[in-house]
Amino acid sequence: MDVYFTVASETLAEKTQRLLSRYRYPFHVSKITGKNGCTYRFRVSGNADAVTSLLTAHGIAYQLI
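The rules behind each value
- Residues numbered from 1 in each chain as written.
- Predicted model: local features only at pLDDT ≥ 70, side-chain atom pairs only at ≥ 80, totals over all residues.
- Heavy atoms only, no water.
- Helix = DSSP H or I, 4+ residues; strand = E, 2+ residues; numbered from the N terminus.
- Expected span 1.5 Å × (residues − 1).
- Buried < 20%, exposed > 50% of the residue type's maximum accessible area, 1.4 Å probe, protein only.
- Arc of directions from axis to C-beta.
- Pairing = 2+ DSSP bridges.

### Here we look at helix α1 (residues 10-22)
Given a rise of 1.5 Å per residue, 13 residues ought to cover 18 Å, and the 18 Å separating the end C-alpha atoms of α1 matches this to within 8%. Within α1, the full set of buried residues consists of A13, T16, L19 and L20. Seen from one end, α1 has its buried residues packed into an arc of 130 degrees, which puts them on one side. The exposed set on the far side of α1, more than 90 degrees from its buried face, consists of T11, R18 and R22.

And the structure:
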């Protein structure tokens, strides 16, 4: 199952990419420019509970979509 979420800054996107790579989660990230600035959209292959727990445990603010 895929998990979709966004993070609000380039710094968080880079941290998220390193974290997902370290835990060997396949992912795709794309930059979205909108009226509120840039956000980064992630699609991660894995269990939603496991992925969100990992993000939360490492202090990464995200929003599920």
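### Structural notes on the pairing of strand β2 (residues 27-34)
The two faces of the sheet receive side chains in turn, since in a regular strand these alternate between them. Both β2 and strand β3 (residues 37-45) contribute to a ladder of eight bridges, which runs antiparallel. Among the inter-strand pairings, K31 is bridged to a residue of β3, identified as Y40. Between the antiparallel neighbours β2 and β3 lie two residues.

### Considerations on unusual backbone geometry
Note on backbone geometry: most residues besides glycine have negative phi, and most peptide bonds are trans. For R24, which is not glycine, the phi torsion reads 60 degrees and is therefore positive. Along the chain, R24 turns up in the loop between α1 and β2.

Any functional reading would require information that these geometric values do not contain.
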